[in-house]
Amino acid sequence: MTTTSPASTDESPAAAPPPPRRGSWSTLRPLVLRLHFYAGLFVAPFLLVAAATGLLYAASFQAEKLVYAHELTVDDVGDRKLPISEQVAAARQAHPEGTVAAVRPSPEDDATTRVMLSGVEGVDPGRTLAVFVDPYTAKVRGALEQYGSSGALPLRTWIDEFHRDLHLGETGRLYSEFAASWLWVIAGAGLVLWFSRRRARRKLRGTTGRRRTLGLHGTVGAWAAAGFVLLSATGLTWSTYAGANIEDLRVSLGQTTPSVSASAGGGGEHAGHGAAAGTGGDAAHGVGLDKVLSAARAEGLGDPVEIVPPADASSAYVVRQVQRSWPVKQDSVAVDPSTGEVTDVLRFADYPVLAKLSRWGIDLHTGSLFGLPNQIALMLLAASLILLIVWGYRMWWQRGRGSAFGRPLPRGAWQRVPPLLLVPLLAAVAVLGYFVPLLGIPLAAFVALDAVLGEIAHRRGRRKRADGAVAGC
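The model shown is predicted, which means the values in this text are computed figures rather than measured ones.

Caption draft 1: Representation of the overall build of the chain. Along the chain, the regular secondary structure elements total 12 helices and eight strands. In the chain, buried positions account for 43% of the 473 residues. Within the chain, counting contacts between residues at least 6 apart in sequence, those at least 24 apart form 62% of the total. Roughly 25,600 Å² of accessible area belongs to the chain as shown, and the carbon and sulfur atoms make up 62% of that amount.

Caption draft 2: Quick peek at the pairing of strand 5 (residues 305-308). The side-chain alternation of strand 5 yields two buried faces, one formed by V305 and I307 and the other by E306 and V308. With four bridges joining them, strand 5 and strand 6 (residues 317-321) adopt antiparallel strand pairing. Its bridge partner being in strand 6, E306 is matched across the sheet by R320.

Caption draft 3: Representation of the packing of aromatic side chains. In the structure shown here, the tally under the stated rule is 12 aromatic pairs. Look at W158 and F162: their rings are 5.3 Å apart centre to centre, the planes differ by 45°, and that puts the pair in the tilted class. Here W158 and its partner F162 are both found in helix 4 (residues 154-165), four residues apart, which amounts to about one turn of the helix. Under the relative-accessibility criterion, W158 is labelled partly exposed at 48%. Between F348 and W360, the ring centres sit 5.9 Å apart and the planes meet at 65°, which makes this aromatic pair edge-to-face.

Caption draft 4: Examining the environment of Y147 more closely. When you line up the elements, Y147 lands in the loop between strand 4 (140-146) and helix 4. Overall, the relative accessible area of 25% leaves Y147 in the partly exposed class. For the pair formed by Y147 and W158, sequence separation is 11 residues and the distance between their alpha carbons is 9.9 Å. Among all residues touching Y147, those that are not within four sequence positions of it are G126, R127, A152, T157, D160 and R164.

Caption draft 5: The arrangement of unusual backbone geometry in detail. Here D303 and P304 are connected by a cis peptide whose omega angle stands at 0°. Within the element layout of this structure, P304 appears in the loop between helix 8 (289-298) and strand 5. Even without being a glycine, L166 presents a positive backbone phi close to 55°. Take L166: it is sitting in the loop between helix 4 and helix 5 (173-196). The phi dihedral of H167 is positive, around 60°, even though this residue is not glycine. Counting through the fold element by element, H167 comes out in the loop between helix 4 and helix 5. Residue H167 is classed as partly exposed on the basis of its relative accessible area of 34%.

Caption draft 6: Inspection of the pattern of salt bridges at higher detail. Taken as a whole and judged by the stated rule, the model has 14 salt bridges. For the salt bridge of E161 with R127, the shortest nitrogen-to-oxygen distance reads 2.7 Å. Taken together, the residues span a long stretch of sequence, with E161 in helix 4 and R127 in the loop between strand 2 (113-118) and strand 3 (128-133) at a distance of 34 residues. Assessed through its relative accessible area of 15%, E161 is described here as buried.

Caption draft 7: Quick look at the side chain of Q375. With respect to the element layout, Q375 can be found in helix 10 (residues 371-398). If we skip the residues at most four places from it in the chain, Q375 touches A58, F61, Q62 and G367.

Caption draft 8: Up close: the environment of L55. Mapping L55 onto the fold places it in helix 1 (residues 25-67). With 104 residues separating them along the chain, L55 and I159 place their C-alpha atoms 9.9 Å apart. Beyond its immediate stretch of four places on either side in the chain, L55 contacts M379, A382 and A383.

Caption draft 9: Structural detail: the side chain of D363. Counting through the fold element by element, D363 comes out in helix 9 (residues 353-366). Only 2.9 Å separates the side chain of D363 from the side chain of R359, close enough to count as a polar contact. Those residues in contact with D363, other than ones at most four positions away along the chain, are R324, S368, L369 and N374.

Caption draft 10: Broad picture of the packing of helix 4 against helix 5. Between helix 4 and helix 5, the least distance of the axes is 6 Å, while the angle of their chain directions is 65°. Counted together, F162, H163, R164 and D165 of helix 4 and R173, Y175 and S176 of helix 5 form the full contact between these two elements. For the contact of helix 4 with helix 5, the class distribution of residues is two nonpolar, two polar and three charged.

Caption draft 11: Quick peek at the nonpolar core. Counting 28 residues, the largest nonpolar core has V43, L47, W182, I186, F228 and L385 as the members making the most contacts within it. Sorting the residues of this core by element identifies helix 1, helix 5, helix 6 (209-236), helix 10 and helix 12 (437-472) as the ones contributing at least two each. No other element matches the nine residues that helix 5 contributes to this core. Residues contacting W182, with those up to four places away along its chain left out, are L35, A39, V43, L438, L439, P442 and L443.

Caption draft 12: Broad picture of helix 9. Between its terminal C-alpha atoms helix 9 stretches 20 Å, which fits the 20 Å expected from 14 residues at 1.5 Å a residue. Residues of helix 9 that are buried: A355, K356, S358, R359, G361, I362, D363, H365 and T366. Just downstream of helix 9 lies G367, where phi reads positive at about 90°.

Caption draft 13: Structural context of helix 8. What helix 8 keeps buried is the set L289, V292, L293, A295 and A296. Looking down the long axis of helix 8, one finds its buried residues gathered within 160° of arc, a one-sided arrangement. Turned more than 90 degrees from where helix 8 packs its buried face, K291 and A298 sit exposed. On its buried side, helix 8 packs onto helix 3 (84-94), strand 1 (99-104), strand 5, strand 6, strand 7 (332-335) and strand 8 (342-346). Count one or two residues on from helix 8 and you reach G300, which has phi positive near 90°.

Caption draft 14: A nonpolar patch on the surface, seen in detail. Taken together, the side chains of L249, L253, V353, L354 and L357 define a hydrophobic patch exposed on the protein surface, amounting to about 450 Å² of accessible area. For the nonpolar patch, the leading source of residues is helix 9, giving three residues. When you line up the elements, L253 lands in the loop between helix 7 (241-252) and helix 8.

Basis of the calculations
- Residues numbered from 1 in each chain as written.
- Predicted model: local features only at pLDDT ≥ 70, side-chain atom pairs only at ≥ 80, totals over all residues.
- Heavy atoms only, no water.
- Helix = DSSP H or I, 4+ residues; strand = E, 2+ residues; numbered from the N terminus.
- Buried < 20%, exposed > 50% of the residue type's maximum accessible area, 1.4 Å probe, protein only.
- Contact = heavy atoms within 4.5 Å.
- Areas by Shrake-Rupley, 256 points an atom, 1.4 Å probe, with all protein chains shown as cover.
- Pairing = 2+ DSSP bridges.
- Phe/Tyr/Trp six-rings, centres within 6.5 Å; stacked < 30°, edge-to-face > 60°.
- Salt bridge = Lys/Arg side-chain N within 4 Å of Asp/Glu carboxyl O.
- Polar contact = N/O pair within 3.5 Å; in protein donor to acceptor, adjacent residues only side chain to side chain.
- Axes fitted to C-alpha atoms, helices over the stretch in contact; angles between N-to-C directions.
- Nonpolar A, V, L, I, M, F, W, Y, C, P; charged D, E, K, R; others polar.
- Core = buried A, V, L, I, M, F, W, Y, C linked by side-chain atoms within 4.5 Å.
- Expected span 1.5 Å × (residues − 1).
- Arc of directions from axis to C-beta.
- Patch = residues over 30% accessible without salt bridge, like charges linked within 9 Å, V, L, I, M, F, W, Y side chains within 5 Å.

The following block contains the structure:
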């Protein structure tokens, strides 16, 4: 009678895997796993706040249109828009306080004109008072505080500051930079771990418990990883410390963002001295706003545009496009206030490569570049990150044994990495940590703390073994 060997089951002892080859992925995987686990564990609270507030900010663009519909739109679209000078005069009659800092003519048929006033009592010095004027009737429809070049109104400004610094000022900005510094590391490590696992172990159907949570966590993380890396990179470009290092690098490479010369004498150099000023400007200075706008139109500057009055007697008007959505419109011109002639022109096409990438990256991060689809994508990424954090903590809970909550991963993973791989890896981490300090400093602190805890555990183990040996004598 012939016999056949029984089919192997999950309970059958498996053959011992071959020892990992030095320098292979198997030597790096425990190190990547430990980095992903502990970084996710301790950085997750900051990421959770950033994701929740980021979701709110992505939704604030559409909410702003609803909340401030009266100020942003007109009741009836007329046949002809009034000269911009008449609209500004109406705004100044209603609000004579402060100084005209800039004017944004109505960019669409049903949109109002914005007249921005600086130095208004009761308005934060870093903001302006935007007066909204019906371009057909010159009727003032309201006035609201405005912040930033994107023209954020009070609702979006509040959410923006909540996301950026939790309304804690410069100190609060460290939280968002810390989250952005680690997001790409956690996402990248998770992506590498996910694709290194066997396909058979990635099945979700029919699985339960920790394996199902792991499958959900890995699948969503793999799909969203590229978006997380992009958000992290773009968020760091205007952070406090990493952003300053990036700016220094751009300066050294000659890749800074240029600006049109605001000197009334022109000169053709994009020096940009006073280009963004206008705090002391007079909207009716020289040839006036109508001729200035006409000169800018002749240079091809279509809506939406912003007109910045001269900062002083030696300065020119600056007219610049302010469309951040695709296709981006960022051309600008300087117009001599005494003659109405264009003295300098700067095209976005002439920006250095890194300046263009920075502009696109920031606008993509804030949801402006592709409008509503961009904002929906950001909300989906934020929701995905929230789910991943919840699943991550759930896996930590499920990983416990008995009364042990969140059984930790074993130490010593770095000791199995070959020196030929470990040394350049440490050098790369050191360089990266220098340019991204809120990644490098916490990582160094974690390694030092982990080493101390490991040494304490090692000494306790030796003491217990010694005590056991004495007791057995």
